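Summary of structural features
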Amino acid sequence: MTDPIVVPAIDAIPLPAPVWLLQAFLTLCFVLHVVPMSVMLGGGFWALVAGARRGDPAMDALAHRLAKWLPYWTAAAVTTGVATLLFLQVLYGPVFYAASVLMARPWLSVVALLMAGYYGYYFRALRQDRNPRAALAVGAAAFAALLAVSFVYTNLMTLMLAPARHYRMYVADPTGAWLNLSDPTLLPRWLHMVIGAVALAGLWVAFLGARAVRRGEDGRRLVSLGARGFALATALEAALGGWFLGALPAPQRALFLGGSPAATGPLLLSVLLTASMILLAWRLPRREDPLPAVVAAAGHALAVVLLMIAMRAAVRTEALRGALDLGAMRAAPQWGVIGLFVALLVAGLGTVGWMLLQLRRPAAAPES
Amino acid sequence: MNYPVWQLELGGGLLIALVAVTHVFVSHFAVGGGLFLVLAERRAYRTGDAALLSWLRRHAKFFALLTLVFGAVSGVGIWFTIGLVHPAATSSLIHIFVWGWAIEWVFFFVEIAAAVVYASTWDRLDRPTHVAVGWIYFGAAFMSLVIINGILSFMFTPGDWLDPATRSFGHGFFNPTYWPSLVLRTLAAVAFAGLYVLATAWREPLRERSKLARYAALWALPATLAGPLAAVLYLKSAPGALEVIRGAVPAAALAFRLVVGCAVAYGLLLAAVALLSRRRPGIVNLPVGAALLLLGYGSIGGAELVRESIRKPFVIGNPSGGYLYVNGLTPAEAEATRASGLLPAARWVKGKDGAPLTEAERGAEVFRVACRGCHTVGGYRAIRRFVDHKPVAAIATMVGRLDKLRGRMPPFPGTAEEAHDLALWLGGLDGELEPQEPAGAPGAKVADGKALLQDKCLACHDLDDPKGSNPLRPKVKGWSAAVAYENLGKLSQLNAGMTGMDVTDERERKVLAGYLATLAAEK
C-alpha cells in the first residue's frame, strides 16, 4: 500500500485574472489584514492587563481607551480578512477546500467564536463605566474566543500545506473533526503569531502613552509598559522563530539556511531588524519625547511583518511543490471588471477618507 | 468527486439553510434600514421633532450593533458553510465572480466605515454632514445588494453563461432572474426597515409609540403589497419554479406557503397596530414587536428556503439545465463517469491507496460521492427511509432511474456495476439483504389507489412514458381487478426485477388492484 497524494484538480473555469495579479492582491490584503488582526488580538491582552489593575488611574484610562477602540480594530480585521480569504481561495482552492473539509467543525466554529469575541469587545466598550467587573470578565471571554479563532486559523493554514497527509486523514475520519495537532510546526507557528500580536499591540500602548506625554499628561508609565512589553515579546518571538525553523520539514528549512536567497535574505534581515528593534524599544521609555522612537519601532515592526510574509510565501511554495502548480492554471482575465473594481476601490477609499476628514474637523457648534 | 465530501448527519443542505436563514434576517434590514434612518433623520430635522430624533439615535445604535457584527459575520458564515458543503460550486463561483466579490467588498468596506461613523457622530458632525454619511451608508449597502444579487441569481438561472460560446462575467451576472430578484430583494429590504422599527419602538414613551407604529406601517405595507407582483415576475423568468412551488417539490411548496402566510399575517397585524395605537399606544409593546419580527422572519426565511430548493438537482442551475449538480459533478462529467466509472474518477474515496474493497465497500464509496450531497444515512433526508426493507434488486432498479423518482435527483453518475454495488450496500443497511417482510414501510397506511401506485410501483415504473424505462400501462393492459389482485400477490414470479415486491397486505392489494383495473381500462 502506498500513501497517495490526493489533491483536487484545478478548477475547469479559468482564473479571472493572471496569477501574478491575484498573488499581488492576496499579499496586499494579507498585509492590510495582519496589522489590525494583531492589534485586535494583542490589544485584547493588553486591555486585560490594564483592566486587572483597577484603581490605578493610568491603567484605568488605558483600559478605557483600548476598550473603546478594539471593536473598530476588529471591524478592520474582519473586513480585510474577508478580502484575503477571497484571494486565497481563488488561488489555493484545491488545498484550501480539502483542508477545511477535514477540519470542518472547528473551521465553522470560527464564525460563532468570532461573533462572540466581536460582541464581547463591544460589550466592554459600551458597559465598562456602568459595570467594570462584568466588562472585564466579558473582555476576557472575548479575548479567549479570538485566541481560539487564531488557533483554528493556524491549524488550517498549516494543514493546507501538508496535502500528503490529507487523504489518510480523510479516510480515517470524514466527519470534519480534525485539527492539525500532529504537525510539529503548529505550536511554534501559532505562538509566533500570538506573541507577535501581543508585541504589535504593545506598540499601540506605547503610542498612546507617548501621545499623552506630548500633551503634557502622565503617559510615562504607559510608554514603559508598552515598550518593554513590546521588547520582551519580540525577544520571545526570536526564540519562537528558532523553534519554528527547527520544526520545519527539512526541504523547507533548507531554504532558510542558504537554500534560497528569497528565503535566507529575509530571514537574516529580519533577525537584524529584530535585534535593533529590541534595543530601540528597551531604551525608548527614557527618552524626552518617546513618540518618534515609537513610530520608528513601528516602522521596523512593519518591515519585519513584510519579511515574515515573504518567508511564509517561500514555505508555502515549497510545501505545495508537486501538489499544486499555480503555473498550470489557465487565466482568462476579466480586464473590464478588474478596471471597474480598481476605479470603485479608489472611489471607495476616497469616500472613507472624506468621512474621516469630517471627523477631524472641529466639533460643530450645537445647533439651535 | 473532486473534493472530499464532508460527512455530516445533520445534512449539508439543512446546515446551509440554517445559516443562510439567520443571515438573511439581518442582511435586508441592513440595506432598507439605512434608507429609513436618513429619511427619518431628515424628517426629524425638518419638523423639529426632538423625540423622533432621540429615538433615531437609539435605533441607529441598535442598527449598527446588529448589522456590523451579526450581519457581517453571519455573511462570512454562509461563505464558510457553502465552501464546506459545496466546495466545487464555491470554487466555480469564485472563479467566475472573484471581481464581483471584490467590488462587493469595496461597498462592504465603505458600508462598515459609514455605519461606524454614522452611529457615533450625532453630536460631532453638523447635520448636513451627518445626513450625508447616512446617504453614503445607504448607497454602499444598496450597491452591495446590487452586486451580491447578481451572484445569487446566477446560481439559479445561469442563463447564457451556460453556453461556452456566450460564457462571460456579464452574461452570468445579468442573468434572467437578475432584475426581478433585485426588485424582490429591494422590496424586502424596505419592508424590513419598517418591521424593525418595532424592535426598538416599544421602549419609547407611550405618546411616541403610535407615530412610530404608523411609520413602520408606511414602510412595510406598500412594499409588502408590491411583493406579489415582483414575485410573479420572478417566477415567470425562473424555469420550472412555478411547478415547484405548486407542489412538484413538497418542501418548496411548503416553504412558499410559509412566505405568503407570514407576509399576510404580519401585514394584517401591522395595519391593525398602526390603526389601533392612536387610541391605545400601549399595544406597541415587546410581544407585538417580537411577533411582527418573527412573522417577517418567517416570510423571508421561507423565501430563502424556496430559493435553496428550486435549484435541484443542480447547485448552479435549475430543473431545466445547469452547470453543476448537487453532487459536485457537471452534466458532462456525470456522462463520462456513467460510461467509465465513478470510483476511478473520484479522488476522495477509499481504495486509492491500492487497498482492495469489497463490493459493499465500493457501494458505500459510491454513496459518499453520488448521494451524500443530499442524503445522509440515518439523519436528515435519511436514505434508510427509502431503502430499508427493500431487496437489493428493487434498490438497484431505483438507483438506475433516480432522475425519474421523486426528489429531483440527478441521474445516477456511475456504471451498472457501481449501481449494483451501491444497491448491495444500501440493501444491507437494515441488516437484511433479502428482507422476509414484503416491501413497503411496516404499517403503511392504505391510502387511495393513486398514492399506493406511487409508493409501490412508480419507483421502478413510469406510467406511460414511451421513452422512459419500464412503462407500466402497457404491462397491465387488459387486466381486470381480479387478474390484478392475483398478479399483485406474485409480482416476484412475473419478473425477477420485482423480487420481494409482492403486495401481501390484503387491503392494499384490493385497493391497488381496483385502481390498476381502471388504469388498464383508460384509453
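Residues numbered from 1 in each chain as written. Chains lettered and ligands numbered in written order. Predicted model: local features only at pLDDT ≥ 70, side-chain atom pairs only at ≥ 80, totals over all residues. Heavy atoms only, no water.

1. Observations concerning the domain arrangement of chain A
The extent of an interface is frequently quoted as the accessible surface area lost upon association of the parts. Residues and elements named next belong to chain A. Here chain A is described as being made up of domain 1 (15-183) and domain 2 (184-322). On a C-alpha basis, the centroid separation for the pair domain 1 and domain 2 is 19 Å. Taken together, the contact pairs 41 residues of domain 1 with 29 residues of domain 2. When domain 1 packs against domain 2, the two sides together hide about 3200 Å² of surface, and 79% of this comes from carbon and sulfur. It is Trp46, Leu161 and Asp183 in domain 1 that bury the most area against domain 2; as a group they hold 22% of the surface buried on that side. Our count for the domain 1 to domain 2 interface comes out at one salt bridge. The shortest N-O distance in the salt bridge between Arg221 and Asp56 comes to 2.5 Å. For the pair domain 1 and domain 2, the interface holds five residue pairs in polar contact (both at pLDDT 80 or more). (Domains from an automatic or database assignment. Contact = heavy atoms within 4.5 Å. Buried area = accessible area lost by both parts, 1.4 Å probe. Salt bridge = Lys/Arg side-chain N within 4 Å of Asp/Glu carboxyl O. Polar contact = N/O pair within 3.5 Å; in protein donor to acceptor, adjacent residues only side chain to side chain.)

2. Focus on the pairing of strand 1 (residues 314-318) of chain B
Residue and element names in this part refer to chain B. With five of five residues buried, strand 1 is to be regarded as a mostly interior element. Bridging between strand 1 and strand 2 (residues 321-325) involves four bridges; their strand directions are antiparallel. When the sheet's bridge partners are listed, Asn318 is paired in strand 2 with Gly321. Between strand 1 and strand 2, which pair antiparallel and follow one another directly, the connecting turn spans two residues. (Buried < 20%, exposed > 50% of the residue type's maximum accessible area, 1.4 Å probe, protein only. Helix = DSSP H or I, 4+ residues; strand = E, 2+ residues; numbered from the N terminus. Pairing = 2+ DSSP bridges.)

3. Quick look at the interface of chain B and chain A
Contact with chain B, which involves 69 residues of that partner, is made by 73 residues of chain A. Per-residue buried area on chain B facing chain A is highest for His95, Trp99 and Trp348 of chain B; these three make up 14% of the total on that side. The residue Arg168 of chain A makes a salt bridge to Asp353 of chain B at a minimum N-O spacing of 3.0 Å. The interface formed by chain B and chain A holds 18 residue pairs in polar contact (both at pLDDT 80 or more) in total. Contributing elements (two or more residues each) for the side of chain B that touches chain A: helix 2 (50-85), helix 3 (87-120) and helix 4 (127-156) of chain B. When its residues are assigned to classes, the side of chain B that touches chain A shows 46 nonpolar, 14 polar and nine charged. (Nonpolar A, V, L, I, M, F, W, Y, C, P; charged D, E, K, R; others polar.)

4. Brief notes about a nonpolar patch on the surface
Residue and element names in this part refer to chain B. A cluster of nonpolar side chains, contributed by Val260, Val264 and Leu268, occupies part of the molecular surface with about 280 Å² of accessible area. Here Val260 is to be found in helix 9 (residues 250-276). With a relative accessible area of 41%, Val260 lands in the partly exposed category. (Patch = residues over 30% accessible without salt bridge, like charges linked within 9 Å, V, L, I, M, F, W, Y side chains within 5 Å. Areas by Shrake-Rupley, 256 points an atom, 1.4 Å probe, with all protein chains shown as cover.)

5. Some words on helix 9 (residues 261-283) of chain A
The end-to-end C-alpha distance of helix 9 of chain A, which contains 23 residues, comes to 33 Å, matching closely the 33 Å that a straight helix rising 1.5 Å per residue would cover. Turning to helix 9 of chain A, its buried residues are Ala263, Thr264, Pro266, Ser270, Thr274, Met277, Leu280 and Ala281 of chain A. (Expected span 1.5 Å × (residues − 1).)

6. Considerations on the environment of Asp388 of chain B
Residues and elements named next belong to chain B. With respect to the helices and strands, the residue Asp388 is situated in the loop between helix 14 (384-387) and helix 15 (392-400). By relative accessible area, Asp388 is classed as buried at 17%. Contact partners of Asp388, with chain neighbours within four places excluded, come to Leu429 and Asp430. A polar contact of 3.0 Å, which involves the side chain of Asp388, links it to the side chain of Arg384.

7. Description of empty space enclosed by the protein
One pass over the structure, following the stated rule, counts four cavities of 30 Å³ or more. Size it by volume and the largest cavity reaches roughly 970 Å³. Along the walls of the largest cavity sit 42 residues, with His23, Gly75, Ile78, Glu104 and Ile148 of chain B positioned nearest its centre. Listed by contribution, the elements that provide at least two residues to the lining of the largest cavity are helix 2 (57-102) of chain A together with helix 1 (12-47), helix 2, helix 3, helix 4 and helix 10 (286-309) of chain B. Classifying every residue of the lining of the largest cavity by side-chain character gives 27 nonpolar, eight polar and seven charged. (1 Å grid on protein atoms, 1.4 Å probe; cavity = no way out; pocket = protein on both sides within 12 Å on 5 of 7 lines; lining within 4 Å. Points joined across faces, edges and corners; volume = space filled by probe spheres on them.)

8. Considerations on the packing of helix 7 (residues 206-236) of chain B against helix 9 of chain B
All names here are of chain B. One can describe the packing of helix 7 onto helix 9 by two numbers: an axis separation of 9 Å at closest approach and a directional angle of 150°. By the criterion of interaxial angle, the relationship of helix 7 to helix 9 is roughly antiparallel. Judged by the sense of rotation from one axis to the other, the crossing of helix 7 with helix 9 is left-handed. Facing helix 7, whose interface residues are Ala213, Arg214, Ala216, Ala217, Ala220, Leu221 and Thr224, helix 9 presents Ala263, Tyr266, Gly267, Leu270, Ala271, Val273 and Ala274. Its residues placed into classes, the contact of helix 7 with helix 9 shows eleven nonpolar, two polar and one charged. (Axes fitted to C-alpha atoms, helices over the stretch in contact; angles between N-to-C directions. Parallel < 35°, antiparallel > 145°, perpendicular 65-115°, else oblique. Left-handed = near helix turned anticlockwise from the far one by under 90°.)

9. Thoughts on the pattern of salt bridges
Under the defined criterion, the tally for this structure stands at 20 salt bridges over all chains. Among the salt bridges present, the one from Glu217 of chain A reaches Arg215 of chain A, with a minimum N-O distance of 3.0 Å. Residue Arg215 of chain A is classed as exposed on the basis of its relative accessible area of 51%. When the shortest N-O distance is used, the salt bridge between Glu9 of chain B and Arg372 of chain B registers 3.0 Å. On the criterion of sequence distance, the pair formed by Glu9 of chain B in the segment before helix 1 and Arg372 of chain B in the loop between helix 13 (359-370) and helix 14 is long-range, its members being 363 residues apart.

10. Considering the packing of aromatic side chains
All names here are of chain B. In the structure shown here, the tally under the stated rule is 45 aromatic pairs over all chains. Where Phe29 meets Phe63, the ring centres are 5.1 Å apart and the plane angle is 85°; that geometry is what we call edge-to-face. A residue pair is termed long-range when its members are at least 10 positions apart, and Phe29 in helix 1 and Phe63 in helix 2 qualify at 34 residues. Of the residues examined, Phe29 reaches a relative accessible area of 0% and is grouped as buried. Seen from their ring centres, Phe169 and Phe173 are 5.7 Å apart, and the 10° between their planes marks the pair as stacked. One end of the pair, Phe169, and the other, Phe173, are both in helix 5 (residues 169-173), four residues apart, so they sit about a helical turn from each other. Accessibility classification places Phe169 together with Phe173 in one group, the buried group. The structure contains a cluster of three or more aromatic residues connected by ring pairs, namely Phe97, Phe154, Trp161, Phe169, Phe173, Phe174, Tyr178, Trp179 and Tyr323. (Phe/Tyr/Trp six-rings, centres within 6.5 Å; stacked < 30°, edge-to-face > 60°.)

11. Looking at the packing of helix 9 of chain A against helix 10 (residues 291-319) of chain A
Residues and elements named next belong to chain A. Running from N to C, helix 9 and helix 10 cross one another at 155°; their axes reach a closest spacing of 9 Å. Between helix 9 and helix 10, the crossing angle belongs to the class labelled roughly antiparallel. The crossing of helix 9 and helix 10 is left-handed. Contacts between helix 9 and helix 10 pair Ala263, Pro266, Leu267, Leu269, Ser270, Leu273, Thr274, Ser276, Met277 and Leu280 from the former with Ala293, Ala296, Ala297, His300, Ala301, Ala303, Val304, Leu307, Met308, Ala310, Met311 and Ala314 from the latter. For the contact of helix 9 with helix 10, a count of residues per class yields 18 nonpolar, four polar and no charged.

12. A few points about helix 6 (residues 186-214) of chain A
Residue and element names in this part refer to chain A. Taking 1.5 Å of rise per residue, 29 residues should cover 42 Å, and helix 6 covers 42 Å from first to last C-alpha, within 8% of that figure. Across the 29 residues of helix 6, 23 count as buried, placing the element largely inside the fold. Looking at the residues trailing helix 6, positive phi occurs at Gly216, about 85°.

13. Observations concerning the domain arrangement of chain B
Residue and element names in this part refer to chain B. Under the domain assignment used here, chain B contains domain 1 (12-323), domain 2 (327-436) and domain 3 (438-523). On a C-alpha basis, the centres of domain 1 and domain 2 stand 39 Å from each other. Facing eleven residues of domain 1, the contacting portion of domain 2 comprises eleven residues. With both sides pooled, the region where domain 1 packs onto domain 2 buries about 920 Å², and carbon together with sulfur makes up 61% of that total. Between the two partners, domain 1 and domain 2, sit zero salt bridges. Elements supplying a minimum of two residues to the side of domain 1 that touches domain 2: helix 8 (241-248) and strand 2. Here the residues of the side of domain 1 that touches domain 2 are counted per class, giving nine nonpolar, one polar and one charged.

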